[in-house]
Each structure stands twice: as structure tokens, then as C-alpha cells.
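In case you want the letters, here they are:
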Amino acid sequence: MAFENLTSKLQMTFRRITGKAQLNGSDIDEMMKDVRLSLLEADVNYKVVKDFTDEVKELAMGEKILKGLNPGQQVVKIVNDELVKLMGGETALVNFTSNRPYTVIMMVGLQGAGKTTTAGKLAWFLRKNHAKKPLLVAADIYRPAAIEQLRTVGAKLEIPVFDKGIDIDPRDIVKLALKRAESDGNDLVVIDTAGRLHINETLMDELVDIKKIAKPEEILLTVDAMTGQDAVNVATAFHAALGVTGCILTKLDGDTRGGAALSIRKVTGVPIKFSGTGEKLTDIEVFHPERMATRILGMGDVLSLIEKATEEIDEHEAMSMMEKMMSGKFNFVDLLKQMKMIKRMGAFSGILKMLPGMGAIADSPKIDDKQIVYIEAIIHSMTEAERKNPELLERSSSRRNRVASGSGRSTTEVNRLIGMLDKQRQMMKRMSQMNPETAEKAQSGMLPGLGGPIKQTPGKGKGKGGFRI
Amino acid sequence: MFLHRQVIDVGIFAKLFGTKERRLQEQKYKIGMAKTRGGSLSNLKAALYGAKAIDDALFDRLEEIFIMADLGVDTVVKFTAALRAEVKKRAITVPRELENIIVDKMFELYLQGQIVDANIPYVEGGLTVILVVGVNGTGKTTSIGKLAYRIKAEGKKVMLAAADTFRAGAIEQLKIWGVRVGCPVVAKNEGADPSAVVFDAIRLAKAEAYDVLLVDTAGRLQNKVNLMKELEKIDRTIRRELPSVPIVTYLVIDATTGQNGLSQAKLFNEAAKVTGIILTKLDGTAKGGIVLAIRDELGIPISFVGLGEKLTDLEQFDVEGYIYGLFADFFD
Ligand SMILES: Nc1nc2c(ncn2[C@@H]2O[C@H](COP(=O)(O)OP(=O)(O)OP(=O)(O)O)[C@@H](O)[C@H]2O)c(=O)[nH]1
Ligand SMILES: [Mg+2]
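For clarity, every value in this text was computed on a predicted model and none was experimentally measured.

Conventions and cut-offs
- Residues numbered from 1 in each chain as written.
- Chains lettered and ligands numbered in written order.
- Predicted model: local features only at pLDDT ≥ 70, side-chain atom pairs only at ≥ 80, totals over all residues.
- Heavy atoms only, no water.
- Helix = DSSP H or I, 4+ residues; strand = E, 2+ residues; numbered from the N terminus.
- Buried < 20%, exposed > 50% of the residue type's maximum accessible area, 1.4 Å probe, protein only.
- Contact = heavy atoms within 4.5 Å.
- Areas by Shrake-Rupley, 256 points an atom, 1.4 Å probe, with all protein chains shown as cover.
- Near = heavy atom within 4 Å.
- Polar contact = N/O pair within 3.5 Å; in protein donor to acceptor, adjacent residues only side chain to side chain.
- Buried area = accessible area lost by both parts, 1.4 Å probe.
- Salt bridge = Lys/Arg side-chain N within 4 Å of Asp/Glu carboxyl O.
- Nonpolar A, V, L, I, M, F, W, Y, C, P; charged D, E, K, R; others polar.
- Expected span 1.5 Å × (residues − 1).
- Phe/Tyr/Trp six-rings, centres within 6.5 Å; stacked < 30°, edge-to-face > 60°.
- Lys NZ or Arg CZ within 6 Å of the ring centre and 35° of its normal.
- Lys, Arg positive; Asp, Glu negative; His and termini not counted.
- Domains from an automatic or database assignment.

## Thoughts on the overall build of chain A
Okay, so step 1: Counting secondary structure elements, chain A contains 21 helices and eight strands.
Okay, so step 2: For chain A, with 469 residues in total, the buried portion stands at 54%.
Okay, so step 3: Sequence-distant contacts in chain A: of pairs separated by 6 or more residues, those separated by 24 or more amount to 74%.
Okay, so step 4: Carbon together with sulfur atoms contributes 52% to the accessible area of chain A, which is approximately 20200 Å² in total.

So this is what it looks like as C-alpha cells:
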């Protein structure tokens, strides 16, 4: 009586409704039963599932089956589009202030959600992408060694941490921290508050007071992606008390489907802004509603992949890159572009697999952001001529030494990068002469540069293998 | 503590309200679990008392209530099917009579006709190692503090091992619990090999005739192959040092966890055979129903529940109390 794998059950329904010109009511009903179960299995709140499937049903009812599309796929597309629409929408990532010297972000949430780590990641992210000068504030006086933890995080990221120990009221810590930010010229203050239950009135009051004191531009609720049905209660309570401005979903590198994202958004209207995708302090990403929709629905099919492809990559850019690669004239300028593309799309983007030589990257554990930063630094230290003409560097060790000292990286690393480009050029050249089948074989085993051949770990999902800082 | 099928048949309500102490304990669970206004199982009573007949609509409603407690889709489906069968068998027509059946069936689901013992299976006259594992942030370190306090109160000599050498501040955190409880903590530097910490701790605990060694491990997501291998290595180290005695392994699960709890239990159990579950944060509004699905599908019992952040906020799992908590509104 227990359900089989729901995805395969869905596939069955697809098959049943394939080959019709129009979706009729009972087809959709049948379909929605499966969608409903799939969403429940993904931990979407029961009531949210109900409302959502009702809404989508109405939408689907009006739709004709498009030519060339499998009707099942089309229903999935409708469901998927609706999920994306719900979880996405126009919201500023972070509202920076313009009328005082610093912007304040307050991190709040239940115990163990990941606030401290995420506070560090966020400060790092905003320093890197918005040239902010952050100050981390240790306002968790309750959990043993919480301050110690934030200090360590700060030290690793080279971000200052303000703390006053645990024998002081968190409200006073915040007051003092703001003064410090002003005197030290920090234009961003990230407050790490203690984890607390949404039903603990004393501690919720403390947050309300801190809000009054710090007047934060952002109050970000940190939520564990593995949260079940209770997510709605938690988010509703925090939102009611504080007026949360955004949500961060953590531990998304796990194998959870993450239905909490949908529940929270639908019930509170609070946008999900970031996702935490690993234990490294650089594992933070802007929230991608499309990826989340696919994940919650549990159907990563080709359709959404193609959609994403057109969305996330400029076709022209990709094509000219491909031509360049094939011609064997690939140089450091192109490599830099390629890096930026990878960065923009995320290493797991399905589109990566479509680029020659990139299949292995796409299947590998996440490329270390740091490595990309290092490679960029090295390339930036080259002269224009060297970038376009890698031979110049190959021939001259003094050039290589200069680049190394200019970028702050070792000569070995510079040499490795030059070697990597050379390998890639040769491989591309060879591939362009092969027939497609052999070419595919050739690329799967080999990833040019970036730490040598990638060992593929079994299992699904991303972020396998725990590459930690 | 133990409960036989026969006992259930005698009448669950008589049992539930048997003694004053029991009543008090139930009260404690209730404090921990019944704060969700208008949510979850608080609707159960309304559903049963409001329904005119036992029909599909009522079963849908029950299904909703169980799902909202995170019981897990498969378990709920199985459970409601069993309810339907029982209703048919006994030819029941009045919704209120479902009350008893639901509670009964819930007991059956958990007990599976076995005697479930939530006591710590100590090694007689030797060192008992208790390994505490789980995903990030579930309450492993806190639970170790609470367990240590409890075990020490039983008159045993307790030692802690800081085998979370990864998370910033983790060693420091365990040391603070060590001070609170008044027991020694074996630790190396951040970044040290966790198995090496465990090795040293076992040698020391044996040499100094400790009764119990509690091992704190780093939080890890169960799908990270390398980290699960690391855990296997810790487990192997313990077994090598203490051959032919059972190792106690507790998996800590946060009550707010949804369906992923099942995957956690499955994969952690594969890496290091799990003895029992510690269900934490039951003092919130989440019911932690996924542990029933875990018991149902993997047979792993629940050993302790966490009901707060203080040293004393740990209770031995008591199935009656728990189910009482789930259905607290029946008894208002
Ligand atoms: N309300 C409540 N909070 C708890 C309970 N158990 C643990 N916590 C809190 O949950 C947070 C995380 O607990 P830890 O013990 O650090 O969790 P951990 O599993 O050791 O975390 P990592 O080592 O980082 O994976 C802390 O703030 C604890 O105080 C509980 O039963 N109830
Ligand atoms: Mg810990």
C-alpha cells in the first residue's frame, strides 16, 4: 500500500495522458494527485500543497497541449513555472542604506539552523561582491562557545568580530557594536543572534529590542532546508514578531528536497534570498527559484534544463567560445571569460555539460570558488600581450616569475595554469577533428587543470565529498 | 517502561492515567509538545468530534493531521490503511470510537510486537563507549552534556571525547559542558584526526577505569561520502579498541526535521550501526513524527528526547508519554 517512488509514478501518469490534444479535467485531477504527493514528500506544508494544487489545476485547465510537447511534460512545465513564479519575483537581494554610515543585517532563527556560519558567509559574500567592509557582531551569549565560533569564522575570513563576552545583555552588545562600526568605518554590520524557539517570549522580546536598537535594513531568517511541516509555524512567528525581510535556506548541499522554501514563501510572502550550499565559508549562493522548483518537484527533466540554458547563458557568447576552443586559438582572455561563465552559472548547471570538455566539471564536486579567484588573479597580472599569446609566457621564466609575484601566487601555480591552458587547447584541437562519439569519451575522463583528474563519487546530489576549508 | 500488546488491549486510557507520576511525566511532554495553536494534531479532537460519519472525508482529515506531525507520507498511508481495515473489521460507525483505535494502532506501529528498552545498554564491568552522531546543528554536543550529567548522577565515572575537530568552537563548546557536568574532556587541536582523539580517549578511559566515554562527533550531512567514511573510521577505531563489546551509537534528530530524517537514519545506520535515536527540541512546536516513520521502516527505536537547553532537559523516551503528547488534545 505504500507508495513506490513517486517520480516513476508520475511518469506512469504522463504515459497515460500522452498523445492527447488537450488536457481534460480528469487527466489533470489524476496528475494533481501525484503532484500533491510529490510535494508532500518534499516537506511542503500540507495546507500549502492543497492551495497550490488547486491553483495550478485551474491554470492547467485552460491550457492546450502545445505541438511538439508531451502533454505530461506540459503539465510539469505549468507546475514548475508556477513554483518558480511563487518562489521568485522581484526583490532586492540586500537593501543597503543610504542615510547612515552602515547597513545592518540581523540574523535570526531556531537553534542549529546555521546562523553563525551563514553570518560569516554573508559578510564574505557582500565584501566580495559589493565591496563592503563588514563587522560581525557576536550577540549569542547563551550557547556555549558561540562567540568562540564566530571569532574563528571571522579570523578565517579576515573579517573583524565584535564581542563583549557573555556577561552582558545582547542589547548592550549591539549598541556598542554600532558605535564600533562607526568609529572603525565599517559600512556593514552583521549581527549573529542566538538561536531561539519562536515560542520563547522572553527571547523573542530580546530580538524585538535589538531590532529597535539597530534598525536593521535586513532581518534574515535562517532556516534549515530539512525542516518539515513546522517551517510554517516558525516563519510565521518570526515574521509576526520582527517583520522578516528575507530568508536564507541552509544545508542545501544535503539530499533534502527542501519544500520548506515553498511553504515559507507562500504563507508569509517573505522572499528566499540566499542558499547555503556547504560547510566552507564561501559556500553561499544567491537563491535560484528555478533550481529550487525542480528540486522540490523532484523532476529534473531536460525541458527545464533547456529552459535554463537559454536563460542563463548568452548563446552568442557560448557559440563564439566554442568556436574559439575548437580552433585551438584559445587564450587566457578566453579562459577568463570561461571562468566567469562557470561562475555565473554555477558548476552544476546542466548547461555546463553541453560545453565541450566541461562534462567532467559538471559532474565533479563543486569547483572551489577560491581556485577561480586565484586563476583570475594570475591572469590579471599578465600583460595584454601575454594573455592573448600564451607562448610568450611559455618561453620566458622571468615573465612567469613576474606574473607570480604580481598575483601573489606561487610560480608553480602559474606554471600549472599555463600547462592547463596548453592541454585544453590541444584537447580541443583533437576533439574538433574527432567524430562526436569519440570526442565524448575523450572529454569525460579529463578535466583540464583545476586540480587534475576529478574522481567521481557515487551518489546523486551536489556537493558530494565534503571539500572543506 | 515496557509495554506488551496485551497491556494495550487492557485499555490504553487506564494505562495512561495509571499513576500520578505517569501523569506528571505526560504533563512534561505536553508542555513540550502541545503549543501549536490551530496546527497539527490539535485538530484531531475536532476532526473526530465534528465528523458525522467515518467516511473518506474523515480519513482525508486524519491523513492531513498525521502528515502535519511529520509522520512521513509512506507511514501515514500505511497507517490510515490499517485504520480503515480495523474500522471495517470491528464494524465501527461512530467517529469518536476511532480515538482508541488510533492510539492503539500508534502503539503497535511503534512497538512492532517487541519490548522496546530505552535504557542505555551499559557494558557490565567495563568501559561503555557512546558515540553520538547526526547532521549539523541537531543538538549532539548539548545532548552529550545532558547525557553525561544523567549518567554521572547514576554514580558512574564519565569522560567526554571531543572528536568534532572540524567545526569552529566545537571543542571549546564541549569543554564548557565538561565543566558544567564536572567530567574530563579529552581533546586535541582543531583539525586533528577525530579517530586519533577517540583512540587516545579510549586508552585513557580504560587506564583510569572510567565507566562511560561519550564521543562527540562533527555534524555531517549523510550524503557526503567522505564524511561518512570518516565516521566509519571512528566506528572502526572504537571496535578495534573494544572488541566483542557492544558500542552504543545514538543518532541525534531534530524534531523539526521532515522527511529527510529517514534518509539520515538510513545512511547513518549504514556507516555506524545506530542503537537508538535522541529526538531533540521537542520543547518547540514540532512533533518529530518522522521518528515513528524511522521506527516503522528501519526498526530503530527512540532512546531519549531533548526538551530544552539545560543539563536536566533530557528524558528517557517513553512511548506512552510521546503518543500522549501527539494526542494531547484528547485529554484536555
Ligand atoms: N530548544 C532546544 N534547543 C536545543 C535542544 N538541544 C540542543 N539545542 C540547541 O540547539 C543548538 C545546537 O546544538 P548543538 O548541541 O551545538 O548541536 P550539534 O549537533 O552539536 O551541532 P554541530 O556540532 O554544529 O553539528 C544549540 O543552540 C542548543 O542549545 C533541545 O532539546 N531544545
Ligand atoms: Mg556539536
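## Let's talk about the overall build of chain B
Okay, so step 1: Scanning chain B from terminus to terminus reveals 14 helices and eight strands.
Okay, so step 2: Buried residues in chain B amount to 62% of all 332 residues.
Okay, so step 3: Partitioning the contacts of chain B with sequence separation of at least 6, the portion at a separation of at least 24 is 78%.
Okay, so step 4: Accessible surface, chain B as shown: approximately 12300 Å² in total, 52% of it carbon and sulfur.

## Thoughts on the site of ligand 1
Okay, so step 1: Looking at ligand 1, there are 22 residues lining it, with Lys-140, Thr-141, Thr-142, Arg-167 and Glu-309 of chain B nearest.
Okay, so step 2: Separating a nitrogen atom of ligand 1 from a side-chain N or O atom of Gln-111 of chain A is a distance of 3.3 Å.
Okay, so step 3: In the model, an oxygen atom of ligand 1 is placed 2.7 Å from a nitrogen or oxygen of the Lys-140 of chain B side chain.
Okay, so step 4: When ligand 1 is considered free in solution it has 650 Å² of accessible area, and contact with the protein chains removes 96% of it.
Okay, so step 5: Among the elements that line the shell around ligand 1, the one with the most residues is helix H8 (residues 140-153) of chain B, at four residues.

## Considerations on the interface of chain A and chain B
Okay, so step 1: Taken together, the 45 residues of chain A in the interface contact 48 residues of chain B.
Okay, so step 2: Of the roughly 4100 Å² buried where chain A meets chain B, counting both sides, 57% is carbon and sulfur surface.
Okay, so step 3: The interface formed by chain A and chain B holds four salt bridges in total.
Okay, so step 4: We note a salt bridge from Glu-64 of chain B to Lys-47 of chain A, for which the minimum N-O separation is 3.9 Å.
Okay, so step 5: For the pair chain A and chain B, the number of links is 17 residue pairs in polar contact (both at pLDDT 80 or more).
Okay, so step 6: Contributing elements (two or more residues each) for the side of chain A that touches chain B: helix H2 (25-41), helix H3 (46-61) and helix H6 (146-157) of chain A.
Okay, so step 7: The dominant element in the side of chain A that touches chain B, judged by the number of residues it contributes, is H6 of chain A, at five residues.
Okay, so step 8: Partitioned by chemical class, the residues of the side of chain A that touches chain B number 14 nonpolar, 16 polar and 15 charged.

## Here we look at helix H5 (residues 56-68) of chain B
All names here are of chain B.
Okay, so step 1: For H5, built from 13 residues, the straight-helix expectation of 18 Å at 1.5 Å per residue is met to within 8% by its first-to-last C-alpha distance of 18 Å.
Okay, so step 2: Listing the buried residues of H5 in full gives Leu-58, Phe-59, Leu-62, Glu-63, Glu-64, Ile-65, Phe-66, Ile-67 and Met-68.
Okay, so step 3: Asp-70 sits one or two positions beyond H5 and adopts a positive phi of about 65 degrees.

## So, the packing of aromatic side chains
Okay, so step 1: According to the stated counting rule, one finds five aromatic pairs over all chains in the structure shown.
Okay, so step 2: Look at Phe-125 of chain A and Phe-274 of chain A: their rings are 5.3 Å apart centre to centre, the planes differ by 80 degrees, and that puts the pair in the edge-to-face class. With Phe-125 of chain A in helix H5 (residues 115-130) and Phe-274 of chain A in strand E7 (residues 272-276), this pair connects stretches of sequence that are 149 residues apart. An identical accessibility class is assigned to Phe-125 of chain A and Phe-274 of chain A; each is buried.
Okay, so step 3: Ring centres of Tyr-250 of chain B and Phe-304 of chain B lie 5.8 Å apart, and the angle between their planes is 90 degrees; this geometry places the pair in the edge-to-face category. Highlighted residues: Tyr-250 of chain B in strand E5 (residues 248-254) and Phe-304 of chain B in strand E7 (residues 302-306), separated in sequence by 54 residues. Here the two residues Tyr-250 of chain B and Phe-304 of chain B agree in accessibility, since each one is buried.
Okay, so step 4: Grouping aromatic residues by their ring pairs yields a cluster made of Tyr-110, Phe-317 and Tyr-322 of chain B.
Okay, so step 5: Looking at Lys-156 of chain B, its charged tip hangs above the ring of Tyr-122 of chain B, at a distance of 4.1 Å from the centre.
Okay, so step 6: Over the ring of Tyr-210 of chain B we find Lys-157 of chain B; its NZ or CZ atom is 4.5 Å from the centre of that ring.

## Notes on the side chain of Asp-70 of chain B
Okay, so step 1: With respect to the element layout, Asp-70 of chain B can be found in the loop between H5 and helix H6 (73-90).
Okay, so step 2: For the buried residue Asp-70 of chain B, which engages in no salt bridge, the nearest side chain bearing the opposite charge is Lys-287 of chain B, 10 Å off.
Okay, so step 3: Among residues more than four places away in sequence, those in contact with Asp-70 of chain B are Asp-43, Gly-228, Gln-229 and Asp-230 of chain A together with Ala-255, Thr-256, Thr-257, Gly-258, Gly-289 and Ile-290 of chain B.

## Description of the domain arrangement of chain B
Put simply, an interface is often sized by how much accessible area is lost when its parts join up.
Residue and element names in this part refer to chain B.
Okay, so step 1: In terms of domains, chain B is made up of domain 1 (12-116) and domain 2 (128-316).
Okay, so step 2: Contacts between the two partners involve 25 residues from domain 1, matched on the other side by 25 residues from domain 2.
Okay, so step 3: Across the domain 1/domain 2 interface, buried area totals approximately 2100 Å², and carbon plus sulfur atoms make up 50% of it.
Okay, so step 4: On inspection of domain 1 and its partner domain 2, the count reaches one salt bridge.
Okay, so step 5: A salt bridge links Lys-78 to Asp-296; its shortest N-O distance comes to 2.9 Å.
Okay, so step 6: Joining domain 1 to domain 2, the criterion identifies eight residue pairs in polar contact (both at pLDDT 80 or more).
Okay, so step 7: Among the elements of the structure, helix H3 (20-33), H6 and helix H7 (98-111) are those that each provide at least two residues to the side of domain 1 that touches domain 2.
Okay, so step 8: Per-element tally for the side of domain 1 that touches domain 2: the top contributor is H3, with five residues.
Okay, so step 9: The residue inventory of the side of domain 1 that touches domain 2, partitioned by class, reads twelve nonpolar, eight polar and five charged.

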